Number of protein chains: 2
Amino acid sequence: MKVAVLGFGTVGRGVYEMLQSCRTLNCDCVLERPGVFNEPFIVNDINTILNDKSIEAVAECIGGTTIAHDFAVKCLSAGKHFVTSNKALISAYGLELRDLAAKNGVSLLFSAACGGTMPVLHNMALARRSDTLFRSGGILNGTCNFMLTKMQDEDSSFDDALDQARKLGYAEADPSADLSGLDTLRKVILLSAVGFDAFPEGDLLCEGIESTDADAIKELKKRNLVLRLIGSCGRNEDGSLYAFVQPVAFSSSAAEANVKMNTNMAFWEGENCGRVTISGQGAGRYPTAANVLRDLTELPECRKSMLSAACAAESVKNDGCSFRYLVIENGAVSITEKVSVNAMFAEAAQKRKEGAKFFFAAMEE
Amino acid sequence: MKVAVLGFGTVGRGVYEMLQSCRTLNCDCVLERPGVFNEPFIVNDINTILNDKSIEAVAECIGGTTIAHDFAVKCLSAGKHFVTSNKALISAYGLELRDLAAKNGVSLLFSAACGGTMPVLHNMALARRSDTLFRSGGILNGTCNFMLTKMQDEDSSFDDALDQARKLGYAEADPSADLSGLDTLRKVILLSAVGFDAFPEGDLLCEGIESTDADAIKELKKRNLVLRLIGSCGRNEDGSLYAFVQPVAFSSSAAEANVKMNTNMAFWEGENCGRVTISGQGAGRYPTAANVLRDLTELPECRKSMLSAACAAESVKNDGCSFRYLVIENGAVSITEKVSVNAMFAEAAQKRKEGAKFFFAAMEE
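Residues numbered from 1 in each chain as written. Chains lettered and ligands numbered in written order. Predicted model: local features only at pLDDT ≥ 70, side-chain atom pairs only at ≥ 80, totals over all residues. Heavy atoms only, no water.

Let's talk about the sheet that holds strand 2 (residues 30-31) of chain B
Applied cut-off: For two strands to be treated as a pair, DSSP must find no fewer than two bridges joining them. Numbering goes from the N terminus for both helices and strands, where a helix is a DSSP run of H or I of at least four residues and a strand is a run of E of at least two.
The 6 strands are arranged 3-2-1-4-5-6 (chain B) in an open sheet whose pairing can be described as parallel. If you trace the sheet from one side to the other, it starts and ends with strand 3 (42-43) and strand 6 (108-109) of chain B, each paired once.

In structure tokens:
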């Protein structure tokens, strides 16, 4: 099967390289902006790909939601399978692209959009067809986990940890989507869409690690606790959906506490399969490209959509989930009673509006 | 797609039940010996299934290598997809059945034959097509891990731990295949066949937990070490294959040490994907049945064989792997220098021949 790659950046180059040694797929066409690369396989016009009937599949490695969305619509409408690692694109336009793929009888796959090298979405998409999944989540952002590990194990400051993440290529030039938890939230949306047929919408609570400083880590270490940024989604007892991102304090013997540096860990729980946990490198050219390739190599023998026909938007109801929280307000540490995620986020917003320096982390029990 | 189930035991009944609520598959035919069950969907003659053109796939849940092998040959020859959780069958006859499946244009899938609910074989089969895998293994037997956890964490004796495993249904009436490591070895053979296109043959070294008693565990605990039964396979630096099963002593902070009770953990390592680790319930009706169902639900949309056309028998060369070992000979504890797996197993065999009470465990570094 002939594949075209959109974008020749970190992931795109990795995908192109790996396609050269793939037995069942070949690629001699990569789309890039004019004037950036001169390689003979580079084309600058999407129509070159759209009009080439021999190209059956496209791997989108551009990123963002503007050009990538335009090209996704054009490629799917032209009857080409669409594989992407673009979590922003799928979390924003997943249902539209699902319908376009179905209408044109092609596959929409995005394994690499969540968890780097971990095939978590692929496996949840398989598992949900013969099982009822009701909970998922985990450590989904390698940049934050790297920084938290540095701060926890080496007493780095937030800024030093971020600098090191940048030096090692884990953090983007603009890391705000990582630090704010937005990147993790987008992955949570994908876990929910694939695992529970529900695209979370409405009040998606998202607290990142921007309020986590060396003092907060010190207070946690005093209590033998290890901080991780956790994305969570699932079904409440009444069947409603929850989805949120928050820092969670784990005992040092917990599995999450031992997921270090840029490693990710995701889990899913189902009636029949119980709890399945998977961990692997969260990012990087080849781990991500390997996940894109895994989707591509399925195309010659499968017709799949990771988003089922039943998948629909669904409002979240996060007040069903409650935790005890460790709170640090202007240096004063306290542990709350069990309060709902909604209540905790609302209080943090209020206190910060009043100018307080406010940190909170759920206590895992 | 219409599926027939062979065998109405623990797993077979789970598969039949789950098929009743499956959207893409249906089943109204289960094969069992005469006189055991009277349900209307029970048939007693394999020919009823072989001759029913509407039955496109068979799920074998009989176990063993005699009847199961006969039925596998007959079903594949009759052009029916064959899905099984039978590790003994595939580790013994995998290549023959792979060829039969290819000849008849049907799929041979056995996800549930390794790791209970963990889709490790499924994912390695996918990963190897776009990556070069070179190492795999893990904690692959829930019975042994349950017993070792009881002995380590609750100071149970070997016999008490085995009794509890029996009471909870983790151990078979005859647990010898679990305790001797043979069950783990069969799973290692499958990991190697799927991951490296190599069916290990020749001197497959296999030490189980039969020599692990409360005294040995006490000596390990003194050193803050936790014992696990580990299956290992991979490529030596010279490209040759290694495959063996042995007890391994891990520091209490190692991930393996925190895999408890009947949980399994498997990993694979590849050039592009790095190290991916997966853990889940190692056994049980629904976890195993869920894995069988996952294979079955792929059949309507995929034509797959977990064993590639390139997969062939290959002699193992275990003298390339060496460890420091903790040895207890007639109560005397010692730590060896780095010695090859071959040398350690040879010494254990010799000492036991001479009547010594001999325990050994590789020290993970």
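Thoughts on the pairing of strand 15 (residues 322-329) of chain B
Note on strand geometry: in a regular strand, side chains alternate between the two faces of the sheet. All names here are of chain B. Pairing of strand 15 with strand 17 (residues 339-340) involves 2 bridges; the strand directions are antiparallel. Note on strand 17: the bridge partner recorded for S322 is S340. Strand direction decides the pairing type here: strand 15 and strand 18 (residues 358-363), joined by 6 bridges, are antiparallel. Bridging from a neighbouring strand, E329 pairs with F358 of strand 18.

Some thoughts on the nonpolar core
For clarity, the cut-off: For the purposes of this section, nonpolar cores are sets of buried Ala, Val, Leu, Ile, Met, Phe, Trp, Tyr and Cys residues that join through side-chain atoms within 4.5 Å. Burial classification: accessible surface area is computed with a 1.4 Å probe over protein chains only, and a residue below 20% of its type maximum counts as buried, one above 50% as exposed, and the rest as partly exposed. Whether two residues touch is decided by their heavy atoms; if any such pair falls within 4.5 Å, the residues are in contact.
Grouped together as the largest cluster of nonpolar side chains are 216 residues, with contacts concentrated most on V15, F110 and L296 of chain A together with V15, F110 and L296 of chain B. Those residues in contact with F110 of chain A that sit more than four places away from it in its chain are T84, I90, L121, L190, V194, D295, M306 and L307 of chain A.

A few points about the domain arrangement of chain A
All names here are of chain A. Definition in use: Residue ranges assigned to each domain were obtained from an automatic or database domain assignment. Buried area: the accessible surface (1.4 Å probe) lost by two parts on joining, summed over both.
Taken domain by domain, chain A consists of domain 1 (2-109) and domain 2 (129-282 + 315-363). Computed over C-alpha atoms, the centres of domain 1 and domain 2 are 32 Å apart. Between domain 1 and domain 2, the contact holds 6 residues from the first and 6 residues from the second. Summed over both partners, the interface of domain 1 with domain 2 buries about 550 Å², with 81% contributed by carbon and sulfur atoms.

As for the interface of chain A and chain B
Condition: Basic side-chain nitrogens of Lys or Arg form a salt bridge, by our definition, when they fall within 4 Å of a carboxyl oxygen of Asp or Glu.
Counting residues at the interface gives 34 residues for chain A, matched by 34 residues for chain B. Buried surface at the junction of chain A and chain B, summed over both partners, amounts to about 2800 Å²; 49% is from carbon and sulfur atoms. Ranking the residues of chain A by area buried against chain B places R129, N272 and E301 of chain A at the top, with a combined share of 20%. Applying the counting rule to chain A against chain B returns 0 salt bridges.

Examining the relation of the copies chain A and chain B
We count it as follows: Only residues with pLDDT of at least 70 in both copies contribute their C-alpha atoms to the least-squares superposition of the copies.
When chain A is fitted to chain B, the best match, at an RMSD of 0.0 Å, comes from turning it 180° and sliding it 0.0 Å along the axis. Overall, the copies show the geometry of a two-fold rotation axis.

Topic: the sheet that holds strand 2 (residues 30-31) of chain A
All names here are of chain A. Note the following rule: To get an axis, fit a line to the C-alpha atoms, keeping to the stretch in contact for a helix; angles then go from 0 to 180 degrees between the N-to-C directions.
Spatially, 6 strands are ordered 3-2-1-4-5-6 in an open sheet, and the strand pairing comes out parallel. Looking at strand neighbours, the two that pair on one side only are strand 3 (42-43) and strand 6 (108-109), the edges of this open sheet. Two strands pair when backbone bridges link them, and strand 1 (residues 2-6) and strand 2 are joined in this way by 2 bridges, in the parallel orientation. Each bridged residue has a counterpart across the sheet, and for L6 the counterpart in strand 2 is L31. Of the strands in this sheet, strand 1, strand 2 and strand 4 (55-60) are in contact with helix 1 (residues 10-20), which crosses strand 1 at around 160°.

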